[in-house]
Amino acid sequence: MGSILAYCILSLSFTSITKAASLVTLEAVEWKYLRKLYDYQMYGAITLERVELPPHTLMVNLTINAQTGNEKCSSRKVNIYANQYGIPVVSRDKEVFPKNAYTPKSLPNITITTNNRTNEWVLSNFREGSLFVMAIMPHDDTRIRQQGLFTSCDYFISIRALITYYTEESIPILANGERKSFELAGNTRQLISAKLPLDTTSYKVNIEGCKDAGCKAKFFLWQSLNPGMWSDTSRQVCKGACDIEEIFPITDSFVYIGVDLLSSQKEVIRLTLTLKTCTKNNLNETKSVSLSNDVKTECVLPLGRDTPSHAAEGSNFQDLFVVWNQKNAKPPKFVSVKVPADAMSVLRFKLRSSDSGATLNIELAKPGKSKSKSKQSIELMLCASLSRIVLTNNCSRGATLRISSDMKEKEKKVLVPYPQTGTWYVSMQSRCYNTGSNATVPCLETPQANVTISLSSCVDGGCGQYGSCKIYSSADLLYSACNCHSGWRGYGCNDGSKADSLTEQKIAVYLLTLSNLAFLPGICLALHRRFFTEAFVYSFNMFFSTFYHACDSSYVYRLCIWPFGTLIFADFFASLMSFAVTLLAMARIPASLRTVLHIVAAMFVAVGEVHNRHGLFQQLMPIASGLAIVIVSWGYEMYRRKILFPSKYRYIKFIIPGLLLATVGLCLNLLVRPSKTTNTFTVHGTSWLHLLLYFSYHQGLSKNGILKSSHCQSNLAM
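Residues numbered from 1 in each chain as written. Predicted model: local features only at pLDDT ≥ 70, side-chain atom pairs only at ≥ 80, totals over all residues. Heavy atoms only, no water.

Enquirer: If you had to explain helix H1 (residues 502-514) to someone new, which residues and values would you point to?
Expert: With 13 residues, H1 should cover 18 Å at 1.5 Å per step; its first-to-last C-alpha distance of 18 Å lies within 8% of that length. All buried positions along H1 are accounted for by Gln 505, Ala 508, Val 509, Leu 512 and Thr 513. Down the axis of H1, the buried side of the element spans an arc of 110 degrees, and every buried residue falls inside it. What points out from H1, more than 90 degrees from its buried face, is the exposed set Thr 503, Tyr 510 and Leu 514. (Helix = DSSP H or I, 4+ residues; strand = E, 2+ residues; numbered from the N terminus. Expected span 1.5 Å × (residues − 1). Buried < 20%, exposed > 50% of the residue type's maximum accessible area, 1.4 Å probe, protein only. Arc of directions from axis to C-beta.)

Enquirer: Tell me about the nonpolar core, and please be specific about residues and values.
Expert: Within the largest apolar cluster, 33 residues are counted, with the highest numbers of intra-cluster contacts made by Leu 347, Phe 349, Leu 360, Ile 362, Val 426, Met 428 and Ile 453. Listed by contribution, the elements that provide at least two residues to this core are strand E24 (335-338), strand E25 (345-351), strand E26 (359-365), strand E27 (376-386), strand E28 (399-404), strand E29 (411-417), strand E30 (422-434) and strand E32 (448-456). Look past the residues within four positions of Met 428 in its chain and what remains in contact with it is Val 337, Val 339, Ala 343, Met 344, Ser 345, Leu 347, Met 381, Leu 382, Thr 392, Ala 449 and Val 451. Within the second largest apolar cluster, 29 residues are counted, among which are Val 60, Ala 66, Ile 110 and Ile 163. (Core = buried A, V, L, I, M, F, W, Y, C linked by side-chain atoms within 4.5 Å. Contact = heavy atoms within 4.5 Å.)

Enquirer: Tell me about the pattern of salt bridges, residues and numbers included.
Expert: According to the stated counting rule, one finds 23 salt bridges in the structure shown. Linking Glu 49 and Arg 35 is a salt bridge whose minimum nitrogen-to-oxygen distance equals 2.5 Å. A residue pair is termed long-range when its members are at least 10 positions apart, and Glu 49 in strand E4 (residues 47-53) and Arg 35 in strand E2 (residues 25-37) qualify at 14 residues. Exposure remark for Glu 49: the relative accessible area of 2% places this residue in the buried category. The partner of Arg 640 in a salt bridge is Glu 637, and the shortest N-O contact between them spans 2.9 Å. One end of the pair is Arg 640 and the other is Glu 637, both in helix H6 (residues 616-641) and three residues apart, which spans about a single turn. In this structure Arg 640 comes out as partly exposed when scored by relative accessible area, which is 48%. For Glu 637, a relative accessible area of 5% corresponds to the buried category. Because the salt bridges share partners, they merge into one network encompassing Arg 305, Asp 319, Arg 352 and Asp 355. (Salt bridge = Lys/Arg side-chain N within 4 Å of Asp/Glu carboxyl O.)

Enquirer: For the sheet that holds strand E12 (residues 189-196), give the residues involved together with the corresponding values.
Expert: Taking strand neighbours across the sheet as the criterion, the four strands line up as E12-E17-E14-E15 in an open arrangement whose pairing is antiparallel. Either end of the sheet is taken by a strand with one partner, and the two such strands are E12 and strand E15 (236-239). Shown here is a sheet whose adjacent strand axes are inclined to one another by a mean of 20 degrees, direction ignored. Bridge analysis of strand E14 (residues 217-222) against E15 gives three bridges, and the strand direction is antiparallel. Counterpart to Phe 220 in the pairing with E15 is Gln 236. (Pairing = 2+ DSSP bridges. Axes fitted to C-alpha atoms, helices over the stretch in contact; angles between N-to-C directions.)

Enquirer: Give me the side chain of Gln 505: which residues, what numbers.
Expert: For Gln 505, the location among the structural elements is in helix H1. A polar atom in the side chain of Gln 505 sits 3.1 Å from the side chain of Ser 486. (Polar contact = N/O pair within 3.5 Å; in protein donor to acceptor, adjacent residues only side chain to side chain.)

Enquirer: I'd like to hear about unusual backbone geometry, residue by residue, with values.
Expert: Here the bond from Phe 645 into Pro 646 is cis, since omega is -10 degrees, no more than 30 degrees from zero. Relative to the helices and strands, Pro 646 is located in the loop between H6 and helix H7 (648-671). A positive phi angle, near 55 degrees, is found at Asn 187, a position not held by glycine. With respect to the element layout, Asn 187 can be found in the loop between strand E11 (179-184) and E12. One non-glycine residue, Ala 475, lies in the positive phi region at around 55 degrees. Topologically, Ala 475 is positioned in the loop between strand E33 (467-474) and strand E34 (477-484).

Enquirer: Mind laying out the packing of aromatic side chains, listing which residues take part and the relevant values?
Expert: Going through the model one piece at a time under the given rule, you end up with 23 aromatic pairs. Measuring from centroid to centroid gives 5.0 Å for Trp 222 and Trp 230, while their planes differ by 80 degrees, and the two rings are edge-to-face. With a relative accessible area of 2%, Trp 222 lands in the buried category. Classification of Trp 230 by relative accessible area gives buried; the value is 13%. Ring centres of Tyr 548 and Phe 572 lie 6.4 Å apart, and the angle between their planes is 75 degrees; on these two criteria the pair is classed as edge-to-face. Taken together, the positions of Tyr 548 in helix H3 (residues 532-552) and Phe 572 in helix H4 (residues 564-586) put the pair 24 residues apart, joining distant regions of the chain. Comparing Tyr 548 with Phe 572, the two get one shared label, buried. Taken together, the ring pairs connect Tyr 43, Phe 97, Tyr 418, Tyr 472, Tyr 479 and Tyr 491 into an aromatic cluster. The ring of Phe 254 is capped by Lys 195, whose NZ or CZ atom sits 5.1 Å from the centre of that ring. Seen from the ring of Tyr 639, Lys 642 lies directly overhead, with NZ or CZ sitting 4.3 Å from the centre. (Phe/Tyr/Trp six-rings, centres within 6.5 Å; stacked < 30°, edge-to-face > 60°. Lys NZ or Arg CZ within 6 Å of the ring centre and 35° of its normal.)

This is the structure in structure tokens:
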């Protein structure tokens, strides 16, 4: 990984300090990162890092430091979130998620400041896999600032992750059906692990050997490890001999059994593991497994991907999970499953690490009415969860859907933003009831569910009416995010709490486009004085400035006659060329030299705009060069004629008023800026000031009757 500054494995072999007789060995691995922080202006403006956790991780100690390289820059707050297997899904700036989105209740987080102080953050209860750390720096000043005129502040965050974990050799593994004995010395703690395979529906651990009156032992059960696990009484399952049984555990992961022998004498503990797994080979199989008197489930049906298996990972956010038949024919986009009322039907699919940057979509179609004469209504319940099967009537740890044949909707859909990678299970159950009654009755025919499971970028590949979907990259991971407009915010540009009204957007468009009519007096005066080159440049500027702002001012009321990149280049280029040709027209130089300087100015302005159109040097250099030519030529005329040039009358009536108007316009452009988060000018850049900016820039007279200054840009695209 290019972001890793250092990677080293520290062989920190030491004995657990909890009890002297324990032989459990710990090691540590260290990762270091340095990343740039970004102002949070849109949903994709985050700093993301990924840490790989080994098996049997005990804790992760994060040492975090945020700083800036410039002492003049103010201190900023940085919010940091952690999540395993996927990008943290949180309300980053108190935005509201789409109504049909499933988001976790809370994630571990801290807030630090960019004061170059070291912050320690200890995390635990993680399993093997990726740990994502996300940093967000809330925006401070939303005004657009001219590059080169104000202090440029860059902020960085460094993260050092020290991961402490148990070595695989120090933790015995209990296999399915195996009866293993452990001889423990007095006052000893023993940690034992068991790997639960995919589609494990239940497991049972039988504990024997601690039956004597003098034998005192505690037995614990953990899905993940943490430093205080031995003192956590909520995870203590029994004292002495007992049976441990759990249905629907976390699959494809380790479960840990802890034995805490409190007596001083030696004891022999015997453990036996029994697993139940059930997987279907095809859609038509009817195998099921009973887990208890009231819980019965159909065997798990694995789904495959619609894209070819050899496709590059992360190459396509658009994907479907389908059932492939043995004939290798193209499967339908939805999965049709029979859902009995007395047992759950379960689907299983796997998300790769690259899928975390997409959106998981699960859609459940409305069941058809019962064909029987009793007119039964059918209700389908669905629960999608990571790594484990979850009962549909208790789906607090998953995304849930519920739809009935009596509802008006044809389907219901749930979105899972930035889904965690790994194995997902979709459990479904049905119930039947007579129309007009909520009482459950036996189903006269087995209901059928049509489920569509897919991946997409953003929300169905887009961001609604007020945004566009973009692809970003961080921590060697591609992820999609919405770039919202007109003050809309959120994961799908669905939060309009701070949005501009349609009236404000219309006013902004009218002011930014119609104010370009202030070019017309300059164009007419140039034509009247037979300055055709200047008149063409002003007309070119007016045309492209009008349509550039018509394309950029509002996402709703927009008119883009050409690609946006073409329009913005033409607008900025014409603006600076307006300055150049006006100043050259004022200079007292031969016509042939003026023509050559026009070409030279066009070439250098074009290069500067391509290099950095927002830079202060690129904007002021044509003006400074033109002014230098004017001053030198006028000075030469004064020296040659021995009198003031131009005349005092022209200075008082034309040149000084024109310079004042140009100065006011330049100051408004550089100092009075619009907000980055909205296209309507507020506080520091009201609409009437922007209109004054245009008028002040578009006026003036020269020695020959023309003084035309450039059309200033508000630079909303910065």
